[in-house]
Every structure is written in structure tokens, then in C-alpha cells.
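# Remarks on the overall topology
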Amino acid sequence: MSKLVVLSLGNGDLHHGFSTVTAKLREEGDAHHKQFCGSLPAAPEIIELYRNWRLVYLALCQRLELNSRIEIEAGGITNVSEIEFRDLCQQLPGKINSWLNFEPFRHIERQLRTQLDPAEEIRVIIETNDRLLQQLPWHLWQFCEDYPKAEIALSGLEYKRKKRVSTKISKAKVRILAIFGNSKGIDLEPDRLILKQLSELAEIEFLVEPPLEDLHDCLRQNWDILFFAGHSSSQAQGSIQLNQTDSLTLDRLKYALRKAIGNGLKLAIFNSCDGLGLARSLAELDIPQVIVMREPIADAVAHEFLKYFLSAFAGGQTLYTAVREARERLEKLESKYPCATWLPTIYQNQAEPLTAWRDWCAPQEVSSVVESDRAIGAIAHKLGRVLLTSVAIAGLVVGARQLGILQTWELQAFDLGLRLRSREAPDPRLLIVKVTEADVHKQKLNEKRSLSDAALARLLEKLRPHQPQVIGLDIYRDFPVNPNQAKLANYLQDDRFIAICEVERAKEDYPGISSPPEIPKNRLGFSDLPVDSDRVIRRQLLFMDINPKSACVTNESFSFRVARLYLGTKGIQPQRNSQQNWQLGSVILPQLEPSTGGYHQLDALGYQILLNYRATDPVAQQVTLSEILSGSLDAELPLLVKDRIVLIGTTAESFKDYHPTPSYSTTSESRELPGVAIHAHMVSQILSAVLDDRPLLWWLPSWGENLWIWGWALVGSVLGWRWRSPLQLGLVTATALGILSGLCFVLLLKGGWLPLIPAAIAGAIATVVTYKVTQPERKS
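Residues numbered from 1 in each chain as written. Predicted model: local features only at pLDDT ≥ 70, side-chain atom pairs only at ≥ 80, totals over all residues. Heavy atoms only, no water.

A few words on the sheet that holds strand E5 (residues 150-155). Taken together, the 11 strands give an open sheet; going across it, the order is E3-E2-E1-E4-E5-E14-E13-E12-E8-E6-E7, and neighbouring strands pair in mixed fashion. The sheet is open, and its two borders are formed by strand E3 (34-40) and strand E7 (202-208), each paired with just one other strand. Strand-to-strand twist in this sheet, taken as the mean axis angle between neighbours without regard to direction, amounts to 20 degrees. Note that strand E12 (residues 267-270) and strand E13 (residues 289-293) share 3 bridges and pair parallel. Directly across from Ile269, in E13, lies its bridge partner Ile291. Contacts between helix H6 (residues 189-196) and the sheet are confined to strand E6 (174-180), E7 and strand E8 (225-229), with E7 contributing the most and set at about 160 degrees to the helix. (Pairing = 2+ DSSP bridges. Helix = DSSP H or I, 4+ residues; strand = E, 2+ residues; numbered from the N terminus. Axes fitted to C-alpha atoms, helices over the stretch in contact; angles between N-to-C directions. Contact = heavy atoms within 4.5 Å.)

With that out of the way, let us pick up the packing of H6 against helix H10 (residues 299-314). It is at 9 Å that the axes of H6 and H10 come closest, and there the two elements cross at 5 degrees. The angle between H6 and H10 places the two elements in the roughly parallel class. Contacts from Pro190, Asp191, Ile194 and Leu195 of H6 reach H10 at His303, Leu306, Lys307 and Leu310. Tallied by class, the residues present in the contact of H6 with H10 amount to 5 nonpolar, 1 polar and 2 charged. (Parallel < 35°, antiparallel > 145°, perpendicular 65-115°, else oblique. Nonpolar A, V, L, I, M, F, W, Y, C, P; charged D, E, K, R; others polar.)

Turning our eyes to something else, we now look at the packing of helix H17 (residues 558-568) against helix H20 (residues 675-692). Between H17 and H20, the shortest axis-to-axis distance is 9 Å and the interhelical angle comes to 40 degrees. At the point where H17 passes H20, the crossing takes the right-handed sense. Between H17 and H20, the residues in contact are Phe558, Ser559, Phe560, Val562, Ala563, Tyr566 and Leu567 and His679, Met682, Val683, Ile686, Leu687, Val690 and Leu691, respectively. Along the lines of polarity and charge, the residues of the contact of H17 with H20 split into 12 nonpolar, 2 polar and no charged. (Left-handed = near helix turned anticlockwise from the far one by under 90°.)

With that settled, the discussion passes to the packing of aromatic side chains. Scanning the entire structure with this criterion turns up 22 aromatic pairs. Relative to Phe143, the ring of Trp141 lies with its centre 4.9 Å away and its plane at 25 degrees, an arrangement referred to as stacked. Each member of the pair, Trp141 as well as Phe143, carries the same accessibility label: buried. Over the ring of Trp223 we find Arg175, and its NZ or CZ is 4.2 Å from the ring centre. (Phe/Tyr/Trp six-rings, centres within 6.5 Å; stacked < 30°, edge-to-face > 60°. Buried < 20%, exposed > 50% of the residue type's maximum accessible area, 1.4 Å probe, protein only. Lys NZ or Arg CZ within 6 Å of the ring centre and 35° of its normal.)

So, on to the pairing of strand E17 (residues 497-501). The side chains of a regular strand alternate between the sheet's two faces. Across the 5 residues of E17, 5 count as buried, placing the element largely inside the fold. Burial along E17 is two-sided: Phe497, Ala499 and Cys501 and Ile498 and Ile500, pointing in opposite directions, are all buried. A crossover connection joins strand E16 (residues 470-474) to the parallel E17 through helix H16 (residues 486-491); in handedness this β-α-β unit is right-handed. Strand direction decides the pairing type here: E17 and strand E18 (residues 524-526), joined by 3 bridges, are parallel. Paired with Ile500 across the bridge in E18 is Gly525. (Right-handed = clockwise from strand over helix to strand, strands pointing away.)

This brings us to the nonpolar core. Grouped together as the largest cluster of nonpolar side chains are 128 residues, with contacts concentrated most on Leu14, Trp53, Trp99, Trp138 and Phe309. Not counting the four nearest positions on each side in its chain, Leu14 is found in contact with Ala42, Ala43, Pro44, Ile46, Ile47, Trp99, Leu132, Leu133 and Leu136. (Core = buried A, V, L, I, M, F, W, Y, C linked by side-chain atoms within 4.5 Å.)

Quick look at the pairing of E16 now. Counted residue by residue, E16 has 5 buried out of 5 residues, so it is predominantly covered. Burial along E16 is two-sided: the face carrying Val470, Gly472 and Asp474 and the face carrying Ile471 and Leu473 are both buried. Note: E16 against strand E25 (residues 645-650), 5 bridges, orientation parallel. By the bridge assignment, Asp474 is partnered in E25 with Gly649. The pairing of E16 with E17 spans 2 bridges and is parallel. Among the inter-strand pairings, Gly472 is bridged to a residue of E17, identified as Ile498.

Our focus in this paragraph is the layout of surface pockets. Counted as a void, the largest pocket has a volume near 1,300 Å³. Along the wall of the largest pocket there are 40 residues; nearest its centre are Glu502, Val503, Arg505, Asp528 and Leu529. Looking at the lining of the largest pocket, the elements that each hand over two or more residues are strand E19 (539-543), strand E26 (658-660) and H20. In terms of residues, the lining of the largest pocket owes the most to one element, E26, which gives 3 residues. Grouping the amino acids of the lining of the largest pocket by side-chain chemistry returns 18 nonpolar, 6 polar and 16 charged. (1 Å grid on protein atoms, 1.4 Å probe; cavity = no way out; pocket = protein on both sides within 12 Å on 5 of 7 lines; lining within 4 Å. Points joined across faces, edges and corners; volume = space filled by probe spheres on them.)

This structure, assessed with the given rule, holds 1 disulfide. Here Cys501 engages in a disulfide with Cys552; their sulfurs sit 1.8 Å apart. On the S-S bond that ties Cys501 to Cys552, the torsion sits near 40 degrees, and the link is right-handed. Linking Cys501 in strand E17 with Cys552 in the loop between E19 and H17, this pair joins segments that are 51 residues apart in sequence. Overall, the relative accessible area of 0% leaves Cys501 in the buried class. Residue class for Cys552 comes out buried when judged on its relative accessible area of 0%. (Disulfide = S-S within 2.5 Å.)

Okay, helix H2 (residues 82-100) next. A rise of 1.5 Å per residue sets the reference length of H2, with its 19 residues, at 27 Å; its end C-alpha atoms lie 28 Å apart and thus fit the reference within 8%. What H2 keeps buried is the set Phe85, Leu88, Cys89, Leu92, Pro93, Ile96, Asn97, Trp99 and Leu100. (Expected span 1.5 Å × (residues − 1).)

The next thing to look at is helix H11 (residues 319-328). Within H11, 8 of the 10 residues are buried, leaving the element largely enclosed by the surrounding structure. Every buried residue of H11 is accounted for by Leu319, Tyr320, Thr321, Ala322, Val323, Arg324, Ala326 and Arg327.

So, on to the side chain of Arg539. Tracing the chain through its elements places Arg539 in strand E19. Polar contacts involving the side chain of Arg539 include one to the main-chain carbonyl oxygen of Val531, which spans 3.2 Å. Among the polar contacts listed, one links the side chain of Arg539 to the side chain of Asp532, at a separation of 2.9 Å. Other than its neighbours up to four places away in sequence, Arg539 contacts Pro530, Val531, Asp532, Leu592, Tyr599, Leu602, Asp603, Gln608, Ile609, Leu610, Leu611 and Met682. (Polar contact = N/O pair within 3.5 Å; in protein donor to acceptor, adjacent residues only side chain to side chain.)

Moving on, we get to the sheet that holds strand E22 (residues 587-588). Taken together, the 3 strands give an open sheet; going across it, the order is E20-E21-E22, and neighbouring strands pair in antiparallel fashion. Whereas interior strands pair on both sides, the edge strands pair on one side only; in this sheet they are strand E20 (574-576) and E22. Alignment of strand E21 (residues 582-584) against E22, held across 2 bridges, turns out to be antiparallel. What sits directly across from Leu584, in E22, is Val587.

All right, on to the environment of Trp342 then. As for its position among the elements, Trp342 is in the loop between H11 and strand E14 (344-348). Classification of Trp342 as buried rests on a relative accessible area of 9%.

Take a look at the structure:
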């Protein structure tokens, strides 16, 4: 969307300054605007500097004997130095930008810069009646350098939109009236040749040094563009040399020009010298736009500007972007024709909208309309077939998905997405005390293959003084404390201590494992992990219904019990929301359903969520049991333990507590992690979601997933319909699948699990089927 900025300088001049400067900003076509106010100081030095620059410019043009479209009078300045002129060319923009850097005006500029994008087209209109201000090269303002699609135009303080005669004439070409005036001393033939190159886009009538009567008659017809090339000036008021005998001001053409504007004249181009006086005269007649040259202009510069402007404007650019492009392309001439880029400018009627060449012609021949209708009908028929094909294929893929046929592939794609994520830092809130195989051999284990009372007592004795927030023991203890271990019995009464048990599995005739007798139910969590058909752990179980006669008497998981105890110290307690979902603070824990993401016919017992593994190995800092008990970490223990969650568990392979996971280890190709590490991932997921805004995994509802699959089937159908070459079709299909994969991966980084495999299958099949179905049509 292009923007319009109107910078109104109102009353004032460079001698006395401008007490009130306003800037109005709006989008093109929008009546609502934002307004910012400021002021500008007096700057008489700019007046003097500009006048010196102009005198030297005119004298330099005369000395260099450049073909100019103005007759420059001799005298004024002699002994012109190009070095002096270059110095003036540097001073003038410096003074202008210094003046515009006045702090009250900088307020306006800062506001504009916060609202504008350098990538969008910007029209900047300088609204003033001060002739000297209009003469200044406003494009040298630093703002125009920073906004490469901005172009500055001039406007008076008063303007209105001309009422035009309503005509129903449809024309296929833009109509141009080209007037070639007195050509004494200049070459107008290139102007004519440049205009004739538009013969396929424009209907052009040439008037060469016409009598005044003929010009009057021609102007009263319907024209879009009025073009003039020849001699002109603005010394008193704007005047042109119509032929070798007639020099006239535009007042003598007032009625004819008014008629032309009423009939639809939209743009006047004066490819001649010193044209601001002409622009002001035409503005009084309410012409929409005028393009003129501020100062005398050499033939070569006039030719180049016209060539580049018409090429850009007729090629589809708006008037403003076409003028800027043509003006900037004059830079290559400045070594011979100084300040060529300073000359072209637009004089704008603010009541008229932004315009483009294509807005001025609208061919509507009956045959074209009929052919267009036929083409639209054929396209609609083909699109209908494409749509039906995509719907049918999407339906088949969704049906196969509901039967669980694609579940294995979907879960594998999900695992791959998790493994491709960039690495995260270990969770600083957790510490894992691992019982290694070496620890197992070194410590005396009891007959239950659990950590001995003495070893556990010594470990807790080391940890407790450093004030951990929670201590979780992920090792079974279904036996009472030895009466000789009074300290351990006392330690187990600590409210910060959480233990585990295992729920019975009636179908397997497995009774489960009971909890330590010393641990009450509110400090107990079950250690059961939900296992997928491929034995991979991808889910986290928070709650489940328990048989009252079970050896494990808690309905809450170990990981959730540890996490809620830690969050409770921060005043965050779990609660049910109106949808009966569990919530911690502002974070809702989305409950898995039998059909969730890539799962279908899932046994969603209890309250389960997806496990968003932390992309790191290990998930938290780890130390061994021997390192703590030996005292080698005594100096570091305060930092390792204070305010952390300490999880104690075994990593010894002899305990057979390893489980497959989606994430690979950085030190092994195995995907298996010990149970304590998996519980640490689960605890970290909850803490990170609540405290760090790390996303939990989410998924679309069934209708959303089905719509997503159909969308990609539609993409495939369109590709199969539009591409004829099998090689090109293969390339664009591969590109589309790459985009699909990239989207799914990016959304997975944000926690979203979208159907990648079904969408890819639907898109690929739809591409092939549509290509085969429409192949006879392409051959015909």
C-alpha cells in the first residue's frame, strides 16, 4: 500500500521562518490521516546560496555552449569556475538538510519515519505558495535517500478537483497531443522519435510550430497527456514559444485548456526550460499533474528524461515512481551536464488521486468480451475438476489416516522434527544424581536391588543442608527403613522429599510396586510411563484412576508431583478450568484424545499430554552418587543444590530402566534414555512452560487437520493442472513439498504438530492424478 505525506509550510518564507509546519500522513485512497506539527527557522543564507548557485549554473551553461531550451541572456557572472560551481552544489544540499534538521521539524520527521516503510511507495507533497521554496531541489533532503521509493512533488495552498464531462467512449490507447514549438538552436527530432515508440500504446497527434488558431482547436478535443517541447521560461509568468513569431503565456490558452481538462486531460509534460511558472498557471485551471523542469535544461538531458520516464510510466509504474527512476538515471550525464538530476519535478493537484498509465485506457470490444467470457468459462470448468480431484484424494488420505495406516510414518516424521531442532541449554533448575554401574558395585545394595539405607541416608545428609526445593527419588523402596537408620527415617519425613511407586497392570497380572511405608500419599507419585506401539516414550501421564487395592495408592505421576511442589513455592497451584483441563498459572495443559495429531485410536487413559523433550543432552546437570559421597564435590554442592530440584535415579544398565525416546543422544546413536532422565524431561517441560513460556505441544482439531490436508491436495491438483513439462512438474512438486516440510518444522518449533505425511501424500497423489487427467486437454 502506497502512502501520501503532505508537508504544508503554510504562511512564511525563508526570510522570517515558518512558525507552523504540518505533516499529514495517510494511505492512498484513505480519507483518514495522521497529523504532526513543527516549525522551521528563518534561513536567509539558503536564499543567497541558491541565487549564487543559479547565476553560476546559467553562466556555466552559456560558457559550455550547451544546447539549452532557453535563451540565456549574456552577462551576470564571468570567469565561471567549475570548482566554484561544484562547491556551491555541495553547500546547497548541506544548508537545506541543516535547515530541515531544526529540532521542531525533526519531530515531524521522526514521527514519519516510525510510520513509513522504506519498501513502500511514498508521495511527498510540499504545499507552499512561496516561489523560492518551490525552486529548491527538495529531492536532496536526506529523507529521500533513506526511502528509495519516495518522490517529492510541489503543490499550492489552494486546489480543487475539476468537474469533467462524462463520456462513455472506451479507448484502447492513451491519447497524447504533442506540441513542438520554436526549435531555433535546439533539436526536437529525438523527442518525436521517443514518442513514436509508444505507437502501440498511445494515439499521438503532432503539432509542429502550429498557428495559435490550430492549437486552440486541437486542445478542445479529448486528450490524456499534453506534451510540449521547445523554448519556455518563467521570468514574469509561464510562457512558451509556440513558433518563430508567437510567444504566449498560458492565459491566452485559458479557455481551451479548461475545456481540455474538463474532457479528461490528466497530465501535462513540459520538456522545456524553467517550467515552474507554467505549472503554476495550469494549477490555477485544476489540471491533475504537471511535469516541468526547474531550471534551463540541455537537449541531451531532456531527451534522456523523456525516454526513461515514458518507458517506466507506460510500462506500469505510477507517475511518481516513473519520475524518480527517470530523474535518477540522468546521473550518468552530470559529468557533462551538471545537476541534471535536480531539474525534473512534479506539480500536483492534491484533489486528484495517484495515477498510472493503465488507468487511462480500457478496451472493451464486444469480441474481446465474448472471448473473455469463454476463457473464464473454460477456466471455471477446469478449476471445478481440479477442486473435485483434490477433495476426493484428500478424503481417501483422511480415511486411511483414521484407520491408523499412516500413524507409524507420522510418528517417525514427528521424531525427526524433534531431532532437527537447534540445541537448548540444560534446565538450570534441575540436578540429576545418577547411580551408575560403578556406584552399584561400590555401594551395598539390599536384596530388593534398591539403594541401601546407609547410602541414601549419607546422600540426603549431604544434600539437605544446601536447601534444595525438591528431592525426588526415582528408585523403588517398597520396604521400611531399618530401625538402626533413625536419621534416614527422619529425613524421609521432610516435606520436600518425593518417592515413587508403580501401578498394577491387571491385564498382565502384574501387582505393581508399593511405596515406601514412611511416605504419605501427598508425597508419592507413580513412575509409570505411557509407551507407544513402537515402545517409544512420546507422552507424559499426569493423572490416572487407580484401583483402591493397588500397591501404588497415588493417582498423580512422579513428574507432575515434583513439578507442582516446586511451583507451589512460587505460589502457583494446579486447577481445573471451565473446559475441565488442568491449568498452572496461565498455562493450560492440553489433554490428549484418542485422535490427536498423528495418533489414532490411542488409549488415552487418565490425563496425558504430549512430551516436548528439551533439545539437549543431558537435560540437566548430572553428578554421580560416588562424587557426592566421596566429598569431591563438597565445595560445589551449595551452587549445585540450592533452590534446585534434585532427582535421584539409576543409570546402571543392570537396572533395565532404559526406554526409547524420539531424541538422539549427542554421545551415542542410541535413542534410549534412563527413566530418571525421562522424568527430568517431563518435569522440565512443565516448569519451562509455566515459568519460561516455552511452548507445550499442540495440534489442530480434526476439522482443521482435514482442511490442512485438503489444502495441500488442492495445491498438488493446481500444480498438476498448470505445469505441462514432467521435469518442471517434478521440480515444482519437490519445491512445494519442501515448503510444506519447512512450514511443519517451523510450526513444530512453536509447539505445533501439523500433519506432514498425510499432506505430502495427498499433495503428491493429487499432482500425479490431475496431471494424468488433464493431459489430453493440454495436447489438444
